[in-house]
Protein chains: 2
Amino acid sequence: MPEDKKQHDATEHEAPEKTEEQDATSPEQGEMHPADAADHIENLELAEQIALVQGMDLPHAAEAIAEMERHERIDLLEALPRELAAEILGEMATDDAADIFDDLDEELGDKILERIEREDREEIEALRGFDSDSAGGVMNTDALILDEKLTADQAITIIRREVADKDIEVPYYIYLVDEAEHLVGVLSMRDLLLAKPGSMLSDSFHDKSLVAVTFDVDREEVAHLISHYNFIAIPVVDYEDRLLGVVTVDDVIDIIHEEATEDMQTMVGAGADETVDTPWKRSVGKRLPWLLVNVANSAVSAYVVHLFEGTIEQMAFLAVLMPIVANQAGNTGQQALAVMIRQLALEKFDRRRSWLAVLREVRIGLANGLLIALCVLGGVMLVTLNPELSFVMALALLLDMVIGALAGSAIPLVMKELGRDPAQASSIFLTAMTDSLGFLFLLGLAQLFLV
Amino acid sequence: MPEDKKQHDATEHEAPEKTEEQDATSPEQGEMHPADAADHIENLELAEQIALVQGMDLPHAAEAIAEMERHERIDLLEALPRELAAEILGEMATDDAADIFDDLDEELGDKILERIEREDREEIEALRGFDSDSAGGVMNTDALILDEKLTADQAITIIRREVADKDIEVPYYIYLVDEAEHLVGVLSMRDLLLAKPGSMLSDSFHDKSLVAVTFDVDREEVAHLISHYNFIAIPVVDYEDRLLGVVTVDDVIDIIHEEATEDMQTMVGAGADETVDTPWKRSVGKRLPWLLVNVANSAVSAYVVHLFEGTIEQMAFLAVLMPIVANQAGNTGQQALAVMIRQLALEKFDRRRSWLAVLREVRIGLANGLLIALCVLGGVMLVTLNPELSFVMALALLLDMVIGALAGSAIPLVMKELGRDPAQASSIFLTAMTDSLGFLFLLGLAQLFLV
């Protein structure tokens, strides 16, 4: 692992000025933060994008392309001359480069990869070996690592030289390793600044309670740790405690955004990573399977209604009440579902806490069910002047709202217990349940008591 | 503003060890990170919580309580002796203290506040004056501010003294102000470490393109800026560019989590800040109003069905098909809604981009609508052997799915245009539209062509 070669820019606050200093030859890009340059590039036609990137210097091009939308940057890189694409990807932080190679056409990716210099290529290949949902898959390998036997002033000299030579950023933390490359400590620039000059780093910063994660920890758990402890970065190690890389808080923010998007969108059967920029045909492909599942589910509800066709022929007003039952119970369930999915995103649940959460939702569903059922009882009574029908409707509504609360809170927990994504299509299964049971309650009770 | 008095702990990586060093007298808390201490306290009964907090030293108690759940910490502080509560709140980072005072019973809050020493009290009161959804409402005032006329080595001496004297953390950035307290530059510890010792800070770090926000910028926009530029902190200024405070990335992570929770939960009419720990009666109160809106909406759909009661009496099978139309169109709309709400959470839309996004969703709705309508056409044909009915069903389904796509994508944009929260109850209004129009299409077409 090279020491701090292509550091993420998260320490650099006043980026626009800095870039200008570094690059007086291309002021139009030089004044822009990479994230803004990425936005600028995305707004151009592909031919213009290529011309612009060919005119940029490599570090800026690499930083800007790393910040671009996933699909946009792939389109651009596939259109660039291979030699230039290889130079840009070789210049990029290795974690970003590895992500891009995952998205690139495999054959083209291999051709580009072989043009990248060996050290970078090996790092990129190593990173691609990690599961993209794990700490290894989101870490970058550009950590600043020092031998614990150095003194504080030796460390400062090394860092000054590295930074001055390569015009790169110093990371938040400096990691200490022993002679076997085991991670033994961590210190901040502040610690270094305040350390006694002649003191050996291992004396002050050897740390047995250091928080690190192994490469196979889920990225959501990494995000949870960083957000729980208010860290800026967390080291990633192998099973022998050797430092492999670092996950930084800016990556964690991306993870948190992506996970929230994934939960909200997969809940209703949209694609996990769809955006308004996803080609519409791709979105059709992502959503259609779940809409077909939904058709199958609706067919079950329809079958329930079919069983009571005779009842409906005798009392068509039941068809008027059907949507009210289904809609109220569905909404009640979705409220429970939303709260549960967010909670599962934010913390771990043990079994006792899960039961308490379901119990809470059932209580809420029961209370709201009673109040809404009373309103509806009054409403139906006013319209129909039929106390039996009003009572049947209120009872069906109450029962189905409790079912909604129970299903809405239990579905994500059951999914999780089965090792599945708790959000995926949960709203679709919830609605299937509240629809079919709601119709069964309403029409069944009507057949028993009214017809 | 005191210089860096009670810094957030985000720079401190190896917190457990540090705390131990600072506090050998209470090892059981001393070894714990504040976030873990908070979890530990939350798992105790109130009487045990009080006993524990009374035994902790003030800095640890303040840090741990700041990390506790919102409702839990209020319950605890209200139960503590007022003098101790005042001492703890005086010790706490001012932004956390201000948040707590916003939640405390007003009378009790005033009594506690008057026991806090003047400087802290005034800062807390100033922070409480800011809208809690604005940069001012989430910033902390513990920035490290230096005069731009200092030299680099003077600055280092000041920082060493501050840090050593008060045993506090150095923040990521150091802010430079001119004699009129205008923010004129920002530098990192790294910049300071590398600066020429005798050089005046203003020479190297005066920065005209510095990114700062005014106190009234929405907190979502602050989060967006920090996440867009990969910053660790962003300065907050008044209209005269005087530094008021700093929003740090750990606060931004909380904001991102809260906004994602808010969007997902308010979309279906649950409370924005509900968790599984919210007392169930409070949740009933949050959700009931939207369930009542939903009843009113369902009554409209029911009225549409009521208009066609005669048709249903003649052809009860229509009631069998009703849930399929409503359910498919509702799901199609929710897919569009989910993608739009997440996009609005992640970026700003101009009008052209909004139209393109709606157009994209309508295309997807149309394509999926055609495919699903074809399936359903075949299915209904198989079951009923009635080509007219099958065709009416397929057409109603197609029309309603397009309506769903249109409404799902447009509702959040229209809400935003009206200055409302784009997510709030959007799913409820969407369902109202797809239900009532779906029934209108199905039953209306049936009346026209079949009965």
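Residues numbered from 1 in each chain as written. Chains lettered and ligands numbered in written order. Predicted model: local features only at pLDDT ≥ 70, side-chain atom pairs only at ≥ 80, totals over all residues. Heavy atoms only, no water.

Moving on, we come to the sheet that holds strand β5 (residues 233-237) of chain B. Residue and element names in this part refer to chain B. The strand order β4-β5-β6 describes an open sheet built from three strands, whose pairing is mixed. Of all strands in the sheet, those bounded by a partner on one side alone are β4 (213-214) and β6 (243-248). Running over the sheet, helix α15 (residues 219-229) touches β4, β5 and β6 and is turned about 140° from β5. (Pairing = 2+ DSSP bridges. Helix = DSSP H or I, 4+ residues; strand = E, 2+ residues; numbered from the N terminus. Contact = heavy atoms within 4.5 Å. Axes fitted to C-alpha atoms, helices over the stretch in contact; angles between N-to-C directions.)

A word on a negative patch on the surface. Residue and element names in this part refer to chain A. There is a patch of like negative charges on the surface, built from Asp75, Glu78, Asp105, Glu106, Asp110, Glu114 and Glu125. At the level of elements, α6 (70-79) and α9 (106-113) are the ones that each hand at least two residues to the negative patch. Following the sequence through the fold, Glu114 ends up in the loop between α9 and α10 (118-128). (Patch = residues over 30% accessible without salt bridge, like charges linked within 9 Å, V, L, I, M, F, W, Y side chains within 5 Å. Areas by Shrake-Rupley, 256 points an atom, 1.4 Å probe, with all protein chains shown as cover. Salt bridge = Lys/Arg side-chain N within 4 Å of Asp/Glu carboxyl O. Lys, Arg positive; Asp, Glu negative; His and termini not counted. Charge placed at Lys NZ, Arg CZ, Asp CG, Glu CD.)

Taken together, the 125 residues of chain A in the interface contact 126 residues of chain B. Here chain A packs against chain B, burying approximately 11000 Å² in sum over the two surfaces, 62% of which is carbon and sulfur. Across the contact surface, chain A and chain B share six salt bridges. One salt bridge connects Asp277 of chain A with Arg353 of chain B, and the closest N-O pair in it is separated by 3.0 Å. The tally of links between chain A and chain B comes to 42 residue pairs in polar contact (both at pLDDT 80 or more). In terms of residues, the side of chain A that touches chain B owes the most to one element, helix α19 (residues 317-346) of chain A, which gives 20 residues. Residues belonging to the side of chain A that touches chain B are distributed by class as follows: 68 nonpolar, 30 polar and 27 charged. (Buried area = accessible area lost by both parts, 1.4 Å probe. Polar contact = N/O pair within 3.5 Å; in protein donor to acceptor, adjacent residues only side chain to side chain. Nonpolar A, V, L, I, M, F, W, Y, C, P; charged D, E, K, R; others polar.)

The next point concerns the pattern of salt bridges. Residues and elements named next belong to chain A. Evaluated as defined, the whole model comprises 40 salt bridges over all chains. With its nearest N and O atoms 2.6 Å apart, the salt bridge here joins Glu347 to Arg353. Taking relative accessible area as the criterion, Glu347 reaches 25% and is therefore assigned partly exposed. Classification of Arg353 as partly exposed rests on a relative accessible area of 22%. Members of the salt-bridge network, linked through shared partners, are Arg70, Asp103, Asp273 and Lys286. (Buried < 20%, exposed > 50% of the residue type's maximum accessible area, 1.4 Å probe, protein only.)

Attention now moves to helix α22 (residues 426-449) of chain B. Its 24 residues give α22 of chain B an end-to-end C-alpha distance of 34 Å, which sits within 8% of 34 Å, the value for a rise of 1.5 Å per residue. Counting buried residues along α22 of chain B, 17 of its 24 residues qualify, which places the element largely inside the surrounding structure. (Expected span 1.5 Å × (residues − 1).)

Turning next to the pairing of strand β5 (residues 233-237) of chain A. All names here are of chain A. With respect to burial, β5 is a largely interior element, five of its five residues being buried. Of the two faces of β5, the one lined by Ala233, Pro235 and Val237 and the one lined by Ile234 and Val236 are each fully buried. As paired elements, strand β4 (residues 213-214) and β5 share two bridges and run parallel to each other. Counted as the bridge partner of Val213 is Val236 from β5. The pairing of β5 with strand β6 (residues 243-248) spans five bridges and is antiparallel. When the bridges of β6 are listed, Pro235 appears paired with Val246. Remark: five residues form the turn of the hairpin made by β5 and β6, two consecutive strands paired antiparallel; Asp241 in that turn has positive phi of roughly 70°.

With that settled, consider the relation of the copies chain A and chain B. When chain A is brought onto chain B, the operation consists of a screw motion whose angular component is 180° and whose axial shift is 0.0 Å, with 0.2 Å RMSD remaining. In the structure described here, the two chain copies are related by an operation that fits a two-fold rotation axis. Proximity to the rotation axis, assessed at the C-alpha, singles out Glu313 of chain A in chain A; its C-alpha lies 2.3 Å from the axis. Both copies share a contact surface, since 100% of the interface residues of chain A are interface residues in chain B too. (Least-squares fit on C-alpha atoms with pLDDT ≥ 70 in both.)

Next up on the list: the packing of helix α17 (residues 280-307) of chain A against helix α19 (residues 317-346) of chain B. Where α17 of chain A meets α19 of chain B, the closest approach of the two axes is 8 Å, and the angle between their N-to-C directions is 150°. What the angle tells us is that α17 of chain A and α19 of chain B run roughly antiparallel. For the crossing formed where α17 of chain A meets α19 of chain B, the hand is right-handed. Mapping the contact onto sequence places Arg287, Trp290, Leu291, Asn294, Val295, Ser298, Ala299, Ala302, Val305 and His306 of chain A in α17 of chain A and Phe317, Ala319, Val320, Pro323, Ile324, Asn327, Gln328, Asn331, Thr332, Gln335, Ala336 and Val339 of chain B in α19 of chain B. Across the contact of α17 of chain A with α19 of chain B, the residue classes break down as 13 nonpolar, eight polar and one charged. (Parallel < 35°, antiparallel > 145°, perpendicular 65-115°, else oblique. Left-handed = near helix turned anticlockwise from the far one by under 90°.)

Here we come to the nonpolar core. In terms of nonpolar packing, the biggest core is built from 138 residues, with Leu89 of chain A together with Leu89 of chain B touching the most fellow members. Every residue in contact with Leu89 of chain A, bar those within four places of it in the chain, is listed here: Leu77, Ala97, Ile100, Phe101, Leu104, Ile112, Ile116 and Ile124 of chain A. Counting 70 residues, the second-largest nonpolar core is a separate cluster that includes Ala326 of chain A together with Leu291, Phe317 and Val320 of chain B. (Core = buried A, V, L, I, M, F, W, Y, C linked by side-chain atoms within 4.5 Å.)

Residue and element names in this part refer to chain A. On average, chain A scores 87 in pLDDT, and the residues at 70 or more come to 91%. Per-residue pLDDT stays below 50 along residues 1-30; that stretch engages in 100 contacts with residues further than four places along the chain or on separate chains. Taken together, the chains of this predicted complex give a pTM of 0.85 and an interface ipTM of 0.85. (pLDDT = per-residue confidence, 0-100.)

We now examine the sheet that holds β4 of chain A. The strand order across the open sheet formed by three strands is β4-β5-β6 (chain A), and the pairing between neighbours is mixed. Only two strands of the sheet have a single partner each, and these edge strands are β4 and β6 of chain A.

Here Gln265 of chain B is to be found in helix α16 (residues 249-267). Here Gly271 of chain B takes part through its backbone oxygen, which lies 2.9 Å from a polar atom of the side chain of Gln265 of chain B. At a separation of 3.2 Å, a polar atom in the side chain of Gln265 of chain B contacts the main-chain carbonyl oxygen of Glu274 of chain B. Beyond its immediate sequence surroundings of up to four residues, Gln265 of chain B is in contact with Ala338, Val339 and Arg342 of chain A together with Ala270, Gly271, Ala272, Asp273 and Glu274 of chain B.

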